[in-house]
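These are the residues of each chain, in order.
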Amino acid sequence: MPVRAHCENPDRRTLADLIREYRPGYSLEQRFYKDPEIYKAEIKSIFLKHWMLAGHVSQIPEAGDFFLFEFDVESVIVVRTKEGAVKAHLNVCRHRGSRICLEKEGRSKLLTCPYHAWSYDLNGKLMTARQMGTDFKKADNGLHPVHVELVGGLIFVSLAEKPLSLAGMKEDLADVFETFGFDNMKLAAQKSFPIAANWKLAAENYQECYHCAPSHQEYAKVHAMALSKEAFAAHREKYLAALAGKVRTQESPYYFDQAKAGEEGYQYARNPLLSGMESGSLGGKGIAPLLGTIAEFDGGASEFMVGPVSFFLIYNDHMVGYRFTPTSHETCCCDVFWFVRGDADEGIDYDLETLTWLWDITTQSDEEIIVNNQQGVNSHFYTSGRLSEMESFEQHFLNWYLSSMKDSISNTSKGQ
Ligand code: FES
Ligand SMILES: [Fe+2]
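Residues numbered from 1 in each chain as written. Chains lettered and ligands numbered in written order. Predicted model: local features only at pLDDT ≥ 70, side-chain atom pairs only at ≥ 80, totals over all residues. Heavy atoms only, no water.

Undergrad: Would you explain the UniProt feature "domain: Rieske" (unreviewed entry) in the chain in this entry?
TA: Cross-referencing UniProt, the feature "domain: Rieske" (unreviewed entry) maps to residues 51-157 in the present numbering. Between the C-alpha atoms that bound residues 51-157 the distance is 5 Å, and the span itself is 0% helix and 42% strand. (UniProt positions renumbered as here; feature names shortened; annotations may be inferred. Helix = DSSP H or I, 4+ residues; strand = E, 2+ residues; numbered from the N terminus.)

Encoded structure:
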């Protein structure tokens, strides 16, 4: 019986062994999706190191507006200060550690801890703390700051002590941000999908469209990505030739395993929809005002990815963002964000249900297939499986993941 066999022969291989034994071209071994120790190492070497999408400036227009960005055991307060800046602080009181903000979003002049009422200003400076003695220094007890970078109106945070640079990405893609009006978008909707699966199964699923034709009929009626590899390549070549000069077609060269030292990995590419399609909607017609400087629908959508878990799909008239965050070693959350032009009015320029339909229904089916994936991976009989030619980006992701984990092991052992 497999259970007995497992008990008799416990897998004593270390993470370093598992990384060394990975077979390129195959999925990861089971322990990567189940082992709480590997998960702990991932939090340290991936989630406390890389940039992640926290949200959008349009969520916090006024001084004191805040929202929480949470993953694993962490909670970050993203807040608009009186001076108009976007700041982020760890939601951990410097007294005895209580959560300070308990609501997911709100507005407040001060950040006051509900336990013993220490209060902090919006910049994280400790303002009041009763009866702490004469030797207590308020200046040493401000909230732990979290790094923030804005990409247009997108708010990225990094919990690293010294974050990776986003400067190369910002410079390289400046024309993309200009074309699609990243400075002038607003968040029209956000929806969270809790998923009973390890975060990597969700992130991997996003990297490949091998599953699109069988699992996403609605998506496959609009996007050419669901075609076979050869049909897609031929369609894409024609599309890019016709598009030349209108929207950036040049792919960015760096992605995950190809990121420069000290820089965050990112990627940009323009891909065609099926002929005659304009946007990601029921029937493929445009559903919102054109973004940025776009003058007409060009029949495509751009993929834009930053760091390990933040992905964007830029249609001509709206942008969809995805973020996959771990909530435990066996659960994660997929957050979907829908962005439209900043001056578009709901009910007049776009209809919320029409806007969100495709990626709501697609993410619901993704959730189902990812959970099924985890359940099969949990079996005593699961073994690594061969990746398809249509899963080359998943292979990039796995290469990047394994090399990140390998680096963190060697850095840890150097530090010991
Ligand atoms: S834990 Fe926050 S005031 Fe005591
Ligand atoms: Fe999918």
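Further notes follow.
Undergrad: Teacher, can you tell me more about the environment of alanine 259 here?
TA: Take alanine 259: it is sitting in the loop between helix H10 (229-243) and strand S12 (266-272). Separated by 68 residues in sequence, alanine 259 and threonine 327 have C-alpha atoms that sit 26 Å apart.

Undergrad: Can you help me understand the layout of surface pockets in this one?
TA: Empty space left among the atoms is revealed by rolling a probe the size of a water molecule over them. Here the largest pocket is characterised by a volume of approximately 790 Å³. In this structure, the largest pocket is lined by 37 residues; those nearest its centre are Gln207, Glu208, Cys209, Met225 and Phe393. Of all the elements in the fold, those that place two or more residues in the lining of the largest pocket are helix H7 (199-207), H10, S12, strand S13 (300-306), strand S15 (319-328), helix H11 (352-377) and helix H12 (392-415). Taken together, the residues of the lining of the largest pocket break down into 19 nonpolar, 10 polar and eight charged. (1 Å grid on protein atoms, 1.4 Å probe; cavity = no way out; pocket = protein on both sides within 12 Å on 5 of 7 lines; lining within 4 Å. Points joined across faces, edges and corners; volume = space filled by probe spheres on them. Nonpolar A, V, L, I, M, F, W, Y, C, P; charged D, E, K, R; others polar.)

Undergrad: Just to check I follow, could you spell out the coordination of the iron ion (ligand 2) for this structure?
TA: Coordination of the iron ion (ligand 2) by the protein comes from His211 (NE2), His216 (NE2), Asp366 (OD) and Asp366 (OD), over a distance range of 2.0 to 2.7 Å. Coordination geometry of the iron ion (ligand 2): the four donor atoms subtend angles of 54 to 152° at the metal centre, consistent with an arrangement described as irregular. Classification of aspartate 366 as buried rests on a relative accessible area of 12%. (Donors = N, O, S within 2.8 Å, 3.2 Å for Na, K, Ca; no water. Tetrahedral: all angles 85-135°; square planar, octahedral: opposite > 155°, others 65-115°. Buried < 20%, exposed > 50% of the residue type's maximum accessible area, 1.4 Å probe, protein only.)

Undergrad: Which parts of the structure should I look at to understand the packing of aromatic side chains?
TA: Given two aromatic rings, one states the distance between the centres and the angle between the planes to describe the pair. Tallying each qualifying case throughout the model produces 20 aromatic pairs. Seen from their ring centres, phenylalanine 182 and phenylalanine 304 are 5.9 Å apart, and the 70° between their planes marks the pair as edge-to-face. Within this pair, whereas phenylalanine 182 is found in the loop between helix H6 (174-179) and strand S11 (185-195), its partner phenylalanine 304 is found in strand S13, the two being separated by 122 residues in sequence. Of the two residues, phenylalanine 182 and phenylalanine 304, neither departs from the other in class, the shared state being buried. Judged by centre distance (5.5 Å) and plane angle (75°), the ring pair of tyrosine 219 and tryptophan 359 falls under edge-to-face. Here tryptophan 359 lies in helix H11 and tyrosine 219 lies in helix H9 (residues 217-220), a separation of 140 residues in the sequence. Overall, the relative accessible area of 5% leaves tyrosine 219 in the buried class. (Phe/Tyr/Trp six-rings, centres within 6.5 Å; stacked < 30°, edge-to-face > 60°.)

Undergrad: Just to check I follow, could you spell out unusual backbone geometry for this structure?
TA: The backbone of aspartate 72 sits at a positive phi, close to 45°, despite the residue not being glycine. Mapped onto the fold, aspartate 72 is located in the loop between strand S2 (65-71) and strand S3 (74-80). Of note, the phi angle at glutamine 131 is positive, near 45°, even though the residue is not glycine. Within the secondary structure, glutamine 131 is located in the loop between strand S8 (126-128) and strand S9 (145-151).

Undergrad: What is the right way to look at the sheet that holds strand S16 (residues 331-341) in this model?
TA: Paired through their backbone hydrogen bonds, the strands of a sheet run either parallel or antiparallel. An order of S11-S16-S15-S14-S13-S12 is seen for the six strands of this open sheet, with the pairing classed as antiparallel. With partners counted over all chains shown, the strands left at the sheet margins are S11 and S12, one partner each. Between one strand and the next, the sheet's axes are offset by a mean angle of 15°, whatever the strand orientation. Note: S13 against strand S14 (residues 310-314), five bridges, orientation antiparallel. When the sheet's bridge partners are listed, glutamate 303 is paired in S14 with leucine 313. Across the sheet, H7 touches S13, S14, S15 and S16, and the angle it forms with S15 is around 155°. Strands in contact with H10 are S12 and S13; relative to S12, the strand with the most contacts, it is inclined by about 90°. (Pairing = 2+ DSSP bridges. Axes fitted to C-alpha atoms, helices over the stretch in contact; angles between N-to-C directions. Contact = heavy atoms within 4.5 Å.)

Undergrad: I would appreciate a short explanation of empty space enclosed by the protein in the present structure.
TA: Under the definition given, this model contains one cavity of 30 Å³ or more. Of the voids in this model, the largest cavity is the one considered here, and its volume is about 40 Å³. Forming the boundary of the largest cavity are Tyr219, His223, Ala224, Met225, Asn271, Pro272, Ala301, Glu303 and Leu313. Of all elements in the fold, only S12 and S13 reach the threshold of two or more residues within the lining of the largest cavity. Partitioned by chemical class, the residues of the lining of the largest cavity number six nonpolar, two polar and one charged.

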